[in-house]
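# Chains, contacts and geometry: an overview
Here are the chains, one letter per residue:
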Amino acid sequence: MWRMRWQTLGLTAVSVGLALETLGFLVGWLRQHLRRRHRPPRREVLFFPSQVTCTEALLNAQRQGGPPEAAPAAAGPDVRRSPGPAAGAAGSGAAAVAASSCLCPLPHGESSLSRLLQYVLSAHSSLELCLFAFSNPQLGRAVHLLHQQGVRVRVVTDCDYMALNGSQIGRLRKAGIQVRHDQGAGYMHHKFAIVDKKMLITGSLNWTTQAIQNNRENVLIVEDEEYVRLFLEEFERIWEEFNPVNYTFFPQRK
């Protein structure tokens with residue numbers, strides 16, 4: 001009799017523990033969902049060249065289940081200028097949080113590159129990339145990680161620049177990511193990305209280390225339904241135009 005009671009009590013305790021654990025997970029999920037739902041739309045401007053900072057913490061956090069959400073812009077104007085090369089190394093926000101466990105000698109503050117990485121890594125379901133040149137290894141690793149975690153990634157690029165040394169396109173293709181390129185007389189010169197069909201990332205920046213570290217460039221991040229729709233329509237138009245069934249064996253030279 002006592003043995004049965006103890007077994008019953010044990011099963012009850014286990015059930016209560018599991019219920020509390022599930023409840024804690026649901027409460028955390030609900031808080032995060034409500035926070036995302038009620039936060040203002042993203043509007044941020046990043047200027048380059050970017051300060052050289054550590055990005056390993058963000059990429060490692062993504063491997064372990066996702067990086068901290070990109071910190072919102074400071075109170076006041078809804079367009080934020082990101083720290084440039086002269087910014088201090090202390091920084092704040094998601095990059096500093098993710099860097100707390102990293103011991104590398106590089107500065108761990110926020111930079112334009114770390115902000116861009118945070119927005120790219122925030123993708124949960126889809127990522128469309130329409131890029132003239134793509135050779136930056138940190139951004140390449142971020143896209144590869146998203147693909148490994150089930151995010152649908154599609155890439156449109158320029159056929160000439162995808163063949164240059166250091167291009168990330170071959171690595172992404174080898175990983176199983178869909179890539180399409182032009183064959184026309186002009187360059188595929190777009191530089192934009194669409195995250196989860198809700199956020200637009202666009203500007204003058206080529207996703208190359210040269211541009212990120214040396215060039216005067218700009219990137220606009222915006223959550224605006226109308227702008228996202230227009231850029232997504234352009235991506236889908238190009239995606240269909242660059243369908244491999246339309247390729248010719250001897251394409252016209254540029």
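Preceding block: the structure.
The sections below set out a description of the structure shown in this document. (Residues numbered from 1 in each chain as written. Predicted model: local features only at pLDDT ≥ 70, side-chain atom pairs only at ≥ 80, totals over all residues. Heavy atoms only, no water.)

Here we take up the nonpolar core. Grouped together as the largest cluster of nonpolar side chains are 38 residues, with contacts concentrated most on Leu116, Leu127 and Trp207. Looking at this core, the element that brings in the most residues is helix 4 (residues 112–121), giving six residues. The residues contacting Trp207, other than those within four sequence positions of it, are Leu116, Val120, Leu129, Leu131, Ala133, Phe134, Ser135, Asn136, Leu139 and Ala193. Counting residues in hydrophobic clusters, the runner-up holds 13 residues, among them Val156, Met188, Val228 and Leu232. (Core = buried A, V, L, I, M, F, W, Y, C linked by side-chain atoms within 4.5 Å. Buried < 20%, exposed > 50% of the residue type's maximum accessible area, 1.4 Å probe, protein only. Helix = DSSP H or I, 4+ residues; strand = E, 2+ residues; numbered from the N terminus. Contact = heavy atoms within 4.5 Å.)

Taken together, seven strands build an open sheet; the order of strands is 1-7-6-5-2-3-4 and the sheet is mixed. Edge positions in the sheet fall to strand 1 (43–48) and strand 4 (178–181), since each has one partner strand and no second. Ignoring strand direction, the axes of neighbouring strands in this sheet form an average angle of 10 degrees. In this sheet, strand 4 lies alongside strand 3 (residues 152–157) in parallel orientation, the contact comprising four bridges. What sits directly across from Thr157, in strand 4, is His181. The sheet strands contacting helix 8 (residues 225–241) are strand 2 (126–131), strand 3, strand 4, strand 5 (191–195), strand 6 (199–203) and strand 7 (217–222), and the helix crosses strand 3 at an angle near 70 degrees. (Pairing = 2+ DSSP bridges. Axes fitted to C-alpha atoms, helices over the stretch in contact; angles between N-to-C directions.)

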